[in-house]
Amino acid sequence: MIYLDYAATTPVDSRVAATILALLTADGDFANPSSNHQAGLRSRAHVAHAAERLGALINAHPDRLIWTSGATESDNLAIIGAARARAHRGRHLITMPTEHKAVTDTFAALEQQGFEVSWLAPDSRGLLEIAQLEAAIREDTQLVSIMHVNNETGIVQDIAQIGAVCRQHDVLYHVDAAQSLGKLPLDVGNLPIDLMSMTAHKVYGPKGVGALFIADRPGCHIEPLTYGGGQQKRLRPGTLAAPLIAGFGHAAEIASSCQADDLKHLAELRDQLWGGIRDVPGVTLNGDIDGFPGILNVSVDGVEGESLLLALEPLCVATGSACNSKSQEPSGVLRAMGLSDMQAQSAIRFSLGRPTRGEDVAAAVELYCNAISRLRGIAPEPPA
Amino acid sequence: MIYLDYAATTPVDSRVAATILALLTADGDFANPSSNHQAGLRSRAHVAHAAERLGALINAHPDRLIWTSGATESDNLAIIGAARARAHRGRHLITMPTEHKAVTDTFAALEQQGFEVSWLAPDSRGLLEIAQLEAAIREDTQLVSIMHVNNETGIVQDIAQIGAVCRQHDVLYHVDAAQSLGKLPLDVGNLPIDLMSMTAHKVYGPKGVGALFIADRPGCHIEPLTYGGGQQKRLRPGTLAAPLIAGFGHAAEIASSCQADDLKHLAELRDQLWGGIRDVPGVTLNGDIDGFPGILNVSVDGVEGESLLLALEPLCVATGSACNSKSQEPSGVLRAMGLSDMQAQSAIRFSLGRPTRGEDVAAAVELYCNAISRLRGIAPEPPA
Amino acid sequence: MTSEIYSARVRKLFGNPAHAGSLAGAHAARVDDQGVSVQFFADVADGRILELRFLAWGCPHVIAAAEALCAQYERRPVSELKSFEAGQLMQSLSVPVEKTGRILVIEDAARSLAEMLGKI
Amino acid sequence: MTSEIYSARVRKLFGNPAHAGSLAGAHAARVDDQGVSVQFFADVADGRILELRFLAWGCPHVIAAAEALCAQYERRPVSELKSFEAGQLMQSLSVPVEKTGRILVIEDAARSLAEMLGKI
Ligand SMILES: Cc1ncc(COP(=O)(O)O)c(C=O)c1O
Ligand SMILES: Cc1ncc(COP(=O)(O)O)c(C=O)c1O
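Engineer: What exactly am I supposed to notice about the overall build of chain C here?
Structural biologist: From N to C terminus, chain C includes five helices and three strands. For chain C, the C-alpha radius of gyration of 14 Å lies close to 14 Å, the compact-globule estimate for 120 residues. Counting only C-alpha atoms, chain C reaches 50 × 25 × 20 Å along its principal axes. Of all intrachain contacts in chain C linking residues separated by at least 6 positions in sequence, the fraction that spans at least 24 positions is 62%. When the accessible area of chain C is evaluated, it comes to approximately 5500 Å², of which 48% is carbon and sulfur surface. Within chain C, the 14 negative side-chain charges are centred at a point lying 4 Å from the centre of the 13 positive side-chain charges.

Engineer: In this structure, what is going on with the overall build of chain A? I would like to understand it.
Structural biologist: Check the secondary structure of chain A and you find eleven helices and twelve strands. Its C-alpha atoms give chain A a radius of gyration of 21 Å, near enough to 21 Å, the size a compact globule of 384 residues would have. Taking as baseline every contact in chain A between residues at least 6 positions apart, the subset at least 24 positions apart corresponds to 72%. Looking at chain A as shown, the accessible area adds up to about 12600 Å², and 50% of this sits on carbon and sulfur atoms. Positive and negative side-chain charges in chain A, numbering 30 and 43 respectively, have mean positions lying 6 Å apart.

Engineer: I keep staring at the site of ligand 2 and nothing clicks. Help me out?
Structural biologist: Residues in close proximity to ligand 2 total 16 residues, the closest being T239 of chain A together with T72, D176, T199 and K202 of chain B. Chains contributing residues near ligand 2 are chains A and B. Q179 of chain B is positioned such that a nitrogen or oxygen atom in its side chain is 2.8 Å from an oxygen atom of ligand 2. For ligand 2, the accessible surface in isolation is 390 Å², of which the surrounding protein chains cover 98%. Among the elements that line the shell around ligand 2, the one with the most residues is helix α3 (residues 71-85) of chain B, at three residues. Its residues placed into classes, the shell around ligand 2 shows four nonpolar, nine polar and three charged.

Engineer: What is the right way to look at the environment of A241 of chain A in this model?
Structural biologist: Here A241 of chain A shows up in the loop between β8 (210-214) and α7 (242-277). For A241 of chain A, a relative accessible area of 9% puts it in the buried group. Considering only alpha carbons, one finds A241 of chain A and S43 of chain A, 198 residues apart in sequence, at a separation of 9.7 Å. Leave out the neighbours within four places in its chain, and A241 of chain A touches K207 and G208 of chain B.

Engineer: Please explain the packing of aromatic side chains as it appears in this structure.
Structural biologist: One pair of aromatic rings is described through two measures. These are the centre distance and the angle between the planes. Residues and elements named next belong to chain A. Considering all chains together, one arrives at twelve aromatic pairs over all chains under this definition. Ring centres of F350 and Y368 lie 5.5 Å apart, and the angle between their planes is 75°; this geometry places the pair in the edge-to-face category. Here Y368 lies in helix α11 (residues 358-377) and F350 lies in strand β12 (residues 348-351), a separation of 18 residues in the sequence. For F350, a relative accessible area of 1% gives the class buried.

Engineer: Quick question: what am I supposed to make of the site of ligand 1 here?
Structural biologist: Near ligand 1 there are 16 residues, and of these T72, D176, T199 and K202 of chain A together with T239 of chain B occur at the shortest range. Neighbouring residues of ligand 1 are not confined to a single chain but are spread across chains A and B. A distance of 2.6 Å separates an oxygen atom of ligand 1 from a polar atom in the side chain of T72 of chain A. With respect to ligand 1, the side chain of H100 of chain A contributes an N or O atom lying 3.4 Å from an oxygen atom.

Engineer: Honestly, the sheet that holds strand β3 (residues 48-57) of chain D in this entry has me stumped. Any pointers?
Structural biologist: Remark on secondary structure: sheet strands pair via backbone hydrogen bonds, oriented parallel or antiparallel. All names here are of chain D. Spatially, the three strands line up as an open sheet ordered β1-β2-β3, and their pairing is antiparallel. Each edge of the sheet is formed by a strand with only one pairing partner; in this case those strands are β1 (27-33) and β3. For this sheet, the mean inter-axis angle between neighbouring strands, taken without regard to orientation, is 15°. By the bridge criterion, nine bridges tie strand β2 (residues 36-45) to β3 in an arrangement that is antiparallel.

Engineer: How should I be thinking about the pattern of salt bridges in this particular structure?
Structural biologist: Oppositely charged side chains can form a pair if their charged atoms are brought close together. This structure, assessed with the given rule, holds 58 salt bridges over all chains. A salt bridge links D5 of chain B to R349 of chain B, with the nearest nitrogen and oxygen atoms 3.1 Å apart. With a gap of 344 residues between them, D5 of chain B in the loop between β1 (2-3) and α1 (14-21) and R349 of chain B in strand β12 (residues 348-351) connect regions that are remote in the sequence. You'll find D5 of chain B and R349 of chain B in the same group, each marked buried. Within the structure, one salt-bridge network assembled from shared partners comprises D13, R15, D262 and R354 of chain A.

Engineer: What am I meant to see in the domain arrangement of chain A here?
Structural biologist: Interface extent is often summarised as the accessible area lost during association of the parts. Residue and element names in this part refer to chain A. Here chain A is partitioned into domain 1 (2-6 + 259-378) and domain 2 (14-254). Each of domain 1 and domain 2 has a C-alpha centre, and the two are 28 Å apart. Summed over both partners, the interface of domain 1 with domain 2 comes to about 2200 Å²; 56% of that surface belongs to carbon and sulfur atoms. Considering only the surface of domain 1 that becomes buried against domain 2, Q259, F292 and R354 emerge as the three largest contributors, covering 29% of it. On inspection of domain 1 and its partner domain 2, the count reaches one salt bridge. Two residues, D288 and R125, come together in a salt bridge whose shortest N-O distance is 3.7 Å. Inspection of the domain 1/domain 2 interface yields five residue pairs in polar contact (both at pLDDT 80 or more). The set of elements that each furnish at least two residues to the side of domain 1 that touches domain 2 consists of α7, β10 (295-300) and α9 (332-336). The residue inventory of the side of domain 1 that touches domain 2, partitioned by class, reads ten nonpolar, ten polar and three charged.

Engineer: It is not clear to me how the pairing of strand β10 (residues 295-300) of chain B should be interpreted in this structure. Could you clarify?
Structural biologist: Moving residue by residue along a regular strand, the side chains alternate between the two faces of the sheet. Residues and elements named next belong to chain B. Counting buried residues in β10 gives six out of six residues, a clear majority hidden from the surface. Here β10 shows two buried faces, one formed by I295, N297 and S299 and the other by L296, V298 and V300. Relative to β10, strand β9 (residues 283-286) runs antiparallel, the two being bridged by four bridges. Paired with L285 across the strands is V298, a residue of β10. Across four bridges, the pairing between β10 and β12 is antiparallel.

Engineer: Would you take a moment to explain the side chain of D360 of chain B for this structure?
Structural biologist: Residues and elements named next belong to chain B. Within the element layout of this structure, D360 appears in helix α11 (residues 358-377). By relative accessible area, D360 is classed as buried at 15%. A polar contact of 2.8 Å, which involves the side chain of D360, links it to the backbone nitrogen of R357. Apart from the residues within four sequence positions on either side, D360 is in contact with I2, L4 and P355.

Engineer: Explain helix α6 (residues 159-168) of chain B to me, please; I cannot follow it from the model alone.
Structural biologist: An α-helical turn contains 3.6 residues, so a residue and the one three or four places further along point in the same direction. Residue and element names in this part refer to chain B. Residues I159, I162, G163, V165 and C166 constitute the buried set of α6. Along α6, the residues classed as buried sweep out an arc of 155° about the axis, all on the same side. Against the buried residues of α6 lie α5 (130-136), β5 (141-145) and β6 (172-176). Just past α6, the residue D170 takes up positive phi, approximately 55°.

Criteria and cut-off values
Residues numbered from 1 in each chain as written. Chains lettered and ligands numbered in written order. Predicted model: local features only at pLDDT ≥ 70, side-chain atom pairs only at ≥ 80, totals over all residues. Heavy atoms only, no water. Helix = DSSP H or I, 4+ residues; strand = E, 2+ residues; numbered from the N terminus. Rg over C-alpha atoms; globule rule 2.2 N^0.38 Å. Contact = heavy atoms within 4.5 Å. Areas by Shrake-Rupley, 256 points an atom, 1.4 Å probe, with all protein chains shown as cover. Lys, Arg positive; Asp, Glu negative; His and termini not counted. Charge placed at Lys NZ, Arg CZ, Asp CG, Glu CD. Near = heavy atom within 4 Å. Polar contact = N/O pair within 3.5 Å; in protein donor to acceptor, adjacent residues only side chain to side chain. Nonpolar A, V, L, I, M, F, W, Y, C, P; charged D, E, K, R; others polar. Buried < 20%, exposed > 50% of the residue type's maximum accessible area, 1.4 Å probe, protein only. Phe/Tyr/Trp six-rings, centres within 6.5 Å; stacked < 30°, edge-to-face > 60°. Pairing = 2+ DSSP bridges. Axes fitted to C-alpha atoms, helices over the stretch in contact; angles between N-to-C directions. Salt bridge = Lys/Arg side-chain N within 4 Å of Asp/Glu carboxyl O. Domains from an automatic or database assignment. Buried area = accessible area lost by both parts, 1.4 Å probe. Arc of directions from axis to C-beta.

Written as structure tokens, this is what we have:
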């Protein structure tokens, strides 16, 4: 098996796994972090330490972090929470069709609930043109949600510029940073970001834990989606999953220390991969070669995507986004970028990670080229 | 440290920890269960296996289980989800003030959103009188939420009888089973339960994962609280935390096999504990000695609760519910049962678990008796 | 949640489609529909199919089904191909229902080939 | 989220309140308020406090504060106790602000004792 699907999820770093394990069993600090006895205090200290570590990675005060179950929940909490908290001021919201489903489906739900959403079209690389955003902002606009690194193509939005426009107009800016946390520099102390969604499992932490950063600014409030025991300033109740949170914190710290090396490593591998397949006739790059180097999305003429995926075995890669790859529909992200159904449908997302080696990429290149020639060999002439 | 706070959380069984660990790192099945490649399929198989195991514990079809982040989320999803899904039929709901905060706070939020809630008062043991429920159900009643085992006192509601009344009136019945899952028999195949909340961390599974059972009956539908990648029939999106889910499944299976032994063990320990402290002057039992034997809640005259908790160190027990013990207010559950603030305030919840031994209980008895005499020794005469 | 998308048989047929290819100068029938293209080629003698080949553009189930069909009807009388029905194939390959339309494209192509061959 | 509720000093004073107890025949002052009861006892000679004891019903911060106060003012002139202020004690024991009311009960009791002693 050759795993090149790090954008879908990453394995937990073995050091992080050790951190988690130490908080699970009876011989570790397993207590409920809300308990007021010594054991509870020890758990609480692990949670506090994790908040410091994650805060350090993004230059946020630890108090500004809310723990969630993942980026899907963070996106929902940020978007629905902010929309509802500011509904008395206005009900207009802005996003793009190239966002992750956790964002697009949430905005679609808000449209059913009396909010109005402007869906800004990307250019052919998937990028937002700032002038478009400026034109879309209205008196009653309350929230803009535009991600950092796109999970399908790896393109990188200019969050600094987008945020600056939002600040100018007193509009909240939410960033889905699920794919960029720990991979690209992200300094919320200096960036004009109000809300930012994060998840541990894309950055060598555990699945089942995420976080939402909420800036300490006037007007930057959200309403909770769930109610209960009063944890986390009543914004997100439920027993804190201290082992997962500690694991997230540790993963964040590791990311802090090796982000630059990781980026260099990924860029080399990405160049090797693209170099190996770019000359296959009919292959095109979706997105931008200057995007985040951990993701390379390519379409190929005359080959059916699902068969391509199977023919690529034992290579593990994705068609469309991992999160909706059960559906057979061609990716909405790629269609929004102007690809035909046919092109979108043949798209393969290769995503590279810290453990990926040159041999893995070489094997992937060979498997990809072979699969294409095999499938082309058994396909009829294209219909007229 | 003597840990008698198993109702707040339990340590993860070491076999369960091994199951979790095996799915975390690069040498295990770490992939995203939504991915359509071989690695994803293997993850998916672990999730499916876990659903079978949890389903077997409660006699539910695995398809009827929705994975969540814990019982707080399950309670919210069930209550808000059902209330909204049935709002067109009516907006009257029924619960009790003795429920967990994840239930009471959720109903309180629904009251703000145009629903009407009847809060049924318990008797002095904390139990619901069925006649009261029958009297409270109206034409427009849509949902009743009454828990199985109370997290503060251990009293056990008659869920079969409550459910039967609900069925008679075509009202949905939600049960918060966070404290009873795997501890008392729970057969949703034969009980009149429509929605049931569960959590792993009270039954030697990991924190950060829970489940909601949804019966396969006409009219038993809920609306989602969050939106995204289409996982779990769109009722609860987000990358499935396969390691936690597998851990929950394993914990459920272990519970199936040792439930009877556990109960016997707990009953013996509870009798030892109550036998050791019942003769301390001024000690009273809150709840019912026939309740779930894992929980014993006692008040004591003339002693301040917070000081009692500290004086009990190194004994780890709870005042009030673990989930809201940060606040200094006396427990709402005990007040609803008719206790004075003073009595509620001195309440200590001892909760016993599978790893508890007779020595632990003996030590707890000694610590409790000593702490009381010490604190009484330094207290002035009660004010006139 | 079932954990396998493709049955072992589909994997085998897809991985080794012995009947993929065209036959020069043979009879051929093609259908393009449902985002799928299937073309069958047959060499016939004395009302018997001597060789049966296919070309296909589609998902693994489509390719596996085309291969299964060729393997089954080669060296059989043309009349048998005429009564081919997709239902049995769908079952033996465990094709998910939502792909029924695609397998019907194969039925279409097979039948029009059989009709053509019947007229010879 | 701070991980400690009680400072090390509070733990020490609460765990070993050497001045807890009453003094038979001594001067005493008691205040009940804010759900807290505090009673101080003092033996005095020549304007000096010889022995200072307390009884208290309250949370650990209350007990620790009463103990700290007794330890501080024993063997000191009564006049010093008169000018006792809770603020400094709250700080040195890291009492959370929401408990200010309870510590003011101690201030009350100490002052009324000092007043009583001043009149001797
Ligand atoms: C950009 C983006 N947002 C949100 C998510 C959802 O994150 P999670 O799986 O933690 O719910 C993902 C990954 O699936 C993602 O790539
Ligand atoms: C009865 C009851 N319901 C709900 C919960 C909340 O569960 P969780 O901690 O999994 O969110 C708890 C425990 O805290 C509980 O005891």
